[in-house]
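Fold and contact review
These are the residues of each chain, in order.
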Amino acid sequence: MKGKQTLKRSVPAQENNGTPEIKKSKLITPVSYNSTGGLVLTLGQGDVGQLGLGEDVMERKKPALVPLPEQIVQAEAGGMHTVCLGTSGSIYTFGCNDEGALGRDTTEEGSETQPGKVDLPEKVVQVSAGDSHTAALTEDGRVFIFGSFRDNNGVIGLLEPMKKSMVPIQVQINVPVVKIASGNDHLVMLTSEGELYTCGCGEQGQLGRVPEMFTNRGGRKGLERLLTPQCIHMKARGCRRVLFQDVFCGAYFTFAVSQEGHVYGFGLSNYHQLGTKTTNSCFAPQNLTTFKNSSKSWVGFSGGQHHTVCVDSEGNAYSLGRAEYGRLGIGENAEEKNEPTLIPNLPKIASVACGASVSYAVSRDGHVYSWGMGTNQQLGTGEEDDVWRPHEMTGKQLENRHVISVSSGGQHTVLLVKDCS
């Protein structure tokens, strides 16, 4: 793709005429999507239905099984809602729907507290969830989104200023997308050509394309500057464009891995959660030299409000950023870290995840470890004490089961597991 993209107004899914901007064909890309079907377990606080266990269940200290109509291949925790992707490509949501993050009708009392299907015309291969929004990527590279973005002053809209959407609407980008990632209030889309498109709140620099002077609701151009998805244009030495192979989000920041394997970051770094030397926000992508190491490559990042956990190709997990409540997993006397610090006493790790002030690691042999703030019962210890070092999560629903993935929101945590054969 060359030159400036022409971006059109968002179109509700049910009004789409079947002739979107991009050609409808299955994509062959380096991005892999989980295809292993499993069961969903939830724990933590559930006062708005985000546990998916019905109106009467407000809390779970140990993982509980969520009743779903089919096997699930991805389960994501938003701020106060949960999104599950079935093997059929259908989406099921539950939790807070005040701003449309469930993408479905919840006028029937209590219907938000148990899984309900989202009406989408296409098969979905990946989902992402933020504080008040949900995004879905279809097998032909289109992105649909529902809910709303917010900034420090409240709702800013979704794809149009001050307009939220209670049903899925299509993001108008005329190039196929291969991966989506959500922060609390921003969305990042990686295209098949290695470009990054962003939209949402940009106050902390998390969009990577809006100068600081324009981040307060877009400046003179208004909210459209923030909400209309646009490409991040950046060049390396020699005027060669930087293209990307992967992207990950924290609450208010973004990590992107270039096709050469360099790690870039932008957004909030007030506790060095980006690995920057200063605590200034980054409003454009920075090549993060703290992640340069010729002996390893970085394969996964996850960020909470003020910390990051990452994993390398050898299965080692690291943390950086704010240390309070044990979220770094490196001991009781830990201090803020401005570079990746090895988390001790963990086996080989397949993936990592962060909630606001909690952290998780899933081992290659299917066990899950948790640490951080214990207040919301998200750690699965059965207690409210903070955990300063990785603790293996246990429970009846985890017996004889292999953990596939973990995701954590503001007050709850979601596990995807499968029965051991």
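Residues numbered from 1 in each chain as written. Predicted model: local features only at pLDDT ≥ 70, side-chain atom pairs only at ≥ 80, totals over all residues. Heavy atoms only, no water.

1. Regarding the overall build of the protein chain
Note the threshold: Comment: elements are numbered from the N terminus, with helices defined as DSSP H or I runs of at least four residues and strands as E runs of at least two. Two things to know: the radius of gyration comes from C-alpha atoms, and the globule rule equals 2.2 Å times the number of residues to the power 0.38. Each residue gets one of three labels from its accessible area relative to the maximum for its type: buried under 20%, exposed over 50%, partly exposed in between, using a 1.4 Å probe on protein chains only. Any two residues having at least one pair of non-hydrogen atoms within 4.5 Å are treated as being in contact. Only the protein chains shown count as cover for residues, and the accessible areas themselves come from Shrake-Rupley with a 1.4 Å probe. A positive count includes Lys and Arg, and a negative count includes Asp and Glu. His and the chain ends are not counted in either. For this purpose, a charge sits on NZ of Lys, CZ of Arg, CG of Asp or CD of Glu.
The helix and strand tally for the protein chain stands at one helix and 31 strands. Relative to the 2.2 N^0.38 estimate, which gives 22 Å for 421 residues, the radius of gyration of the protein chain is 20 Å and therefore close to what a compact globule would have. Across its three principal axes, the protein chain shows a C-alpha extent of roughly 55 × 50 × 40 Å. Evaluated residue by residue, the protein chain yields a buried proportion of 59% over its 421 residues. Put simply, of all contacts in the protein chain between residues at least 6 apart along the chain, 55% involve residues at least 24 apart. Accessible surface, the protein chain as shown: approximately 17500 Å² in total, 44% of it carbon and sulfur. Here the protein chain contributes 39 positive and 44 negative side-chain charges, whose respective centroids are spaced 9 Å apart.

2. Comments concerning the pairing of strand 5 (residues 81–86)
Heads up, the rule is: In short, DSSP must find at least two bridges between two strands for them to pair.
Summarising burial for strand 5: six of the six residues are buried, a large majority. With burial as the criterion, each face of strand 5 is covered, one bearing His81, Val83 and Leu85 and the other bearing Thr82, Cys84 and Gly86. Taken together, the five bridges between strand 4 (residues 72–77) and strand 5 define a ladder with antiparallel strand orientation. The residue bridging isoleucine 72 from the neighbouring strand is glycine 86, located in strand 5. The turn linking strand 4 back onto strand 5 is made up of three residues. Two elements, strand 5 and strand 6 (residues 91–95), share five bridges in a ladder whose sense is antiparallel. Pairing of leucine 85 across the sheet is with isoleucine 91, part of strand 6. Between strand 5 and strand 6, which follow one another and run antiparallel, lie four residues, and glycine 89 among them has a positive phi close to 95°.

3. Brief notes about the sheet that holds strand 30 (residues 401–408)
Under the convention used in this document: Whenever a helix is involved, its axis is fitted only over the stretch in contact; in every case the axis is a line through C-alpha atoms, and angles between N-to-C directions fall within 0 to 180 degrees.
Strand order across the open sheet formed by four strands is 3-2-31-30, with antiparallel pairing between neighbours. Across the chains shown, the open sheet's two edge strands, defined by having one partner strand only, are strand 3 (59–65) and strand 30. Strand-to-strand, the axes of this sheet are offset by a mean angle of 15°, without reference to chain direction. The pairing of strand 30 with strand 31 (residues 412–419) spans seven bridges and is classified as antiparallel. In the strand pairing of strand 31, histidine 402 is matched with lysine 418.

4. Quick notes on unusual backbone geometry
For tyrosine 325, which is not glycine, the phi torsion reads 70° and is therefore positive. Of note, tyrosine 325 is situated in the loop between strand 24 (317–321) and strand 25 (337–342). Taking the relative accessible area as the measure of exposure, tyrosine 325 reaches 33% and is therefore partly exposed. The phi torsion at glutamine 377 lies on the positive side, around 65°, for a residue other than glycine. Structurally, glutamine 377 can be placed in the loop between strand 28 (368–372) and strand 29 (387–392).

5. So, the pairing of strand 18 (residues 244–249)
Here strand 18 runs beside strand 19 (residues 253–258); their pairing, made up of five bridges, is antiparallel. The residue of strand 19 that forms the bridge with aspartate 246 is valine 257. In this structure, the hairpin formed by strand 18 and strand 19 is closed by a connection of three residues.

6. Description of the nonpolar core
The following threshold applies: Put simply, a nonpolar core is a bunch of buried Ala, Val, Leu, Ile, Met, Phe, Trp, Tyr and Cys residues held in one set by side-chain atoms that sit within 4.5 Å of each other.
By size, the foremost hydrophobic cluster in this structure holds 30 residues, and its most contacted members are Leu346, Trp371 and Leu415. Membership of the second largest hydrophobic core comes to 28 residues, among which are Val188, Leu196, Met234 and Phe253.

7. A short note on a negative patch on the surface
Selection criterion: In this scheme, patches are assembled from residues that exceed 30% relative accessible area and form no salt bridge. Like charges are connected within 9 Å, while nonpolar side chains (Val, Leu, Ile, Met, Phe, Trp, Tyr) are connected within 5 Å. Salt bridge, as used here, is a side-chain nitrogen of Lys or Arg placed within 4 Å of a carboxyl oxygen of Asp or Glu.
On the surface, a cluster of negative charge is made up of Glu55, Asp56, Asp105, Glu108 and Glu109. Judged by its relative accessible area of 77%, aspartate 56 falls in the exposed class.

8. Description of the environment of glutamate 99
The line we're drawing: A 3.5 Å cut-off defines polar contacts: any pair of N or O atoms within that distance qualifies, except that in protein one atom must be a possible hydrogen donor and the other a possible acceptor, and neighbouring residues in sequence count only when both atoms are side-chain atoms.
Looking at where glutamate 99 falls in the secondary structure, it is placed in the loop between strand 6 and strand 7 (116–118). Remark: the alpha-carbon pair of glutamate 99 and glycine 157, spanning 58 residues in sequence, is separated by 9.7 Å. When neighbours within four sequence positions are excluded, glutamate 99 is seen to be in contact with Ser132, Gly147, Ser148, Arg150, Val155, Lys164, Ser165 and Met166. One polar contact links glutamate 99 to serine 132, side chain to side chain, over a distance of 3.4 Å. At 2.4 Å, the side chain of glutamate 99 and the side chain of arginine 150 are in polar contact.

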